[in-house]
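Each chain, written out:
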Amino acid sequence: MRRKHIGDVRRMKLGRPMDFFERTASRYVRPREAAAFAAGTKRALLAIERGDSDAGRLLEDLGSGSFAVLRRRTWFVAGVFQSFLNSAHLYTDQARHAELCRTGRQCLRDSDLAGLRLAITELDTAQLGTCDDAMLEEPGNVGGTVVTRP
């Protein structure tokens, strides 16, 4: 069923990074970044329309591009770190979460933006993951859980 509607699902997913870019990131982009985002959007839409297997990767690239633009802003990096501080429930290794939060707090005190970015990257990596499009496209696979027929 999902494979039948994968194009529709991906078109809906395309709206998310486009909306985020327009609402948030577009104010801070450099001209070449805006052009790259527009070109990436067109590539992703064409891949979706053709049913290309790399459409999912192109969608991820769009989201990553917007995030990269905002990562240059101190207020954004501090806000992302704050959201990780308040999300301990998303980590199976609570000690690792606490350690990375301590590191991030120290980086904030020291105005070490590069160190804070690194702590955020590690916090993001240590977080509980979600399944990807490829997993959802497998027959009998619903949200990462294999469904068998009785």
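Our structure's up above, just so we're on the same page.
If you're wondering where the values come from, they're calculated on a predicted model, not measured in any experiment.

A. Just the nonpolar core, in detail. The biggest cluster of nonpolar side chains holds 27 residues, and the ones touching the most others in it are Leu 14, Ala 44, Phe 81, Phe 84, Leu 116, Ile 120 and Leu 123. When contributions to this core are tallied by element, the ones reaching two or more residues are helix H1 (6-23), helix H2 (31-50), helix H3 (55-70), helix H4 (74-85), helix H5 (94-109) and helix H6 (113-126). Among all residues touching Ile 120, those that are not within four sequence positions of it are Val 77, Val 80, Phe 81 and Phe 84.

B. Geometry of the packing of H4 against H6. Closest axis-to-axis distance for the H4/H6 pair is 10 Å, and the angle between their directions is 40 degrees. Like other packed secondary-structure pairs, H4 and H6 cross with a definite hand, here left-handed. On H6, the residues touching Thr 74, Val 77, Ala 78, Val 80, Phe 81 and Phe 84 of H4 are Leu 113, Leu 116, Arg 117, Ile 120, Leu 123 and Asp 124. Each residue belonging to the contact of H4 with H6 can be placed in one class, and the counts come to nine nonpolar, one polar and two charged.

C. Seen up close, unusual backbone geometry. Here the phi dihedral of Ser 111 falls at roughly 55 degrees; this positive angle occurs in a residue that is not glycine. Tracing the backbone through its elements, the reader meets Ser 111 in the loop between H5 and H6.

D. Expanded view of H4. In a regular helix each residue adds 1.5 Å, so 12 residues correspond to 16 Å; H4 covers 16 Å between its end C-alpha atoms and thus fits that length. Those residues of H4 lying buried are Phe 76, Val 77, Val 80, Phe 81, Phe 84 and Leu 85. For H4, the secondary structure elements touched by its buried residues are H3, H5 and H6.

E. Structural context of the pattern of salt bridges. Tallied over the full model, the rule gives nine salt bridges. Across the pair Glu 122 and Arg 96 runs a salt bridge, and its minimum N-O distance is 2.5 Å. A residue pair is termed long-range when its members are at least 10 positions apart, and Glu 122 in helix H6 and Arg 96 in helix H5 qualify at 26 residues. With relative accessibility at 28%, the residue Glu 122 sits in the partly exposed group.

F. Main features of the environment of Val 80. Looking at where Val 80 falls in the secondary structure, it is placed in helix H4. For Val 80, a relative accessible area of 14% gives the class buried. Ignoring sequence-local partners within four residues, the contact set of Val 80 consists of Phe 67 and Ile 120.

G. Quick peek at empty space enclosed by the protein. Scanning all chains against the criterion turns up one cavity of 30 Å³ or more. Reported here for the largest cavity is a volume of approximately 30 Å³. Forming the boundary of the largest cavity are Phe 67, Arg 71, Phe 76, Val 77, Val 80, Arg 117 and Ile 120. Among the elements of the structure, H4 and H6 are those that each provide at least two residues to the lining of the largest cavity. Residues of the lining of the largest cavity, tallied by class, amount to five nonpolar, no polar and two charged.

Conventions adopted
Sequence order sets the numbering: in each chain, residues are counted from 1 along the sequence as written. Note on the predicted model: pLDDT of at least 70 is required for a residue's local features to be given, and 80 or more for side-chain atom pairs to be given and counted; whole-chain, interface and lining totals, by contrast, use all residues. Note that water and hydrogens are dropped before the side-chain values are worked out from all heavy atoms of the structure. Here the nonpolar core consists of buried residues drawn from Ala, Val, Leu, Ile, Met, Phe, Trp, Tyr and Cys, with membership extended through side-chain atoms lying within 4.5 Å. Each residue is assigned to one of three classes by its accessible area relative to the maximum for its type, calculated with a 1.4 Å probe on protein chains only: buried under 20%, partly exposed between the two thresholds, exposed over 50%. Helix and strand assignments follow DSSP, with helices taken as H or I runs no shorter than four residues and strands as E runs no shorter than two, numbered in order from the N terminus. Contacts: residue pairs with any heavy atoms within 4.5 Å of one another. Fitted lines through C-alpha atoms serve as axes, helices being fitted only where they are in contact, and the angles separating the N-to-C directions of these axes extend from 0 to 180 degrees. If you view the pair so one helix is near and one far, a crossing is left-handed when the near helix is turned anticlockwise from the far one by less than a right angle, and right-handed when it is turned clockwise. Amino acids outside the nonpolar list (Ala, Val, Leu, Ile, Met, Phe, Trp, Tyr, Cys, Pro) and the charged list (Asp, Glu, Lys, Arg) are all regarded as polar, and Gly is one of them. Each helix should span, by expectation, one fewer than its residue count multiplied by 1.5 Å. Salt bridge criterion: a side-chain nitrogen from Lys or Arg within 4 Å of a carboxyl oxygen from Asp or Glu. Buriedness for pockets is judged along seven lines, at least five of which must meet protein on both sides within 12 Å for an open set on the 1 Å grid over protein atoms alone, while cavities are sets there where a 1.4 Å probe fits but cannot get out, and lining residues have an atom within 4 Å of a point. Grid points are joined across faces, edges and corners, and a volume is the space filled by probe spheres set on the points.

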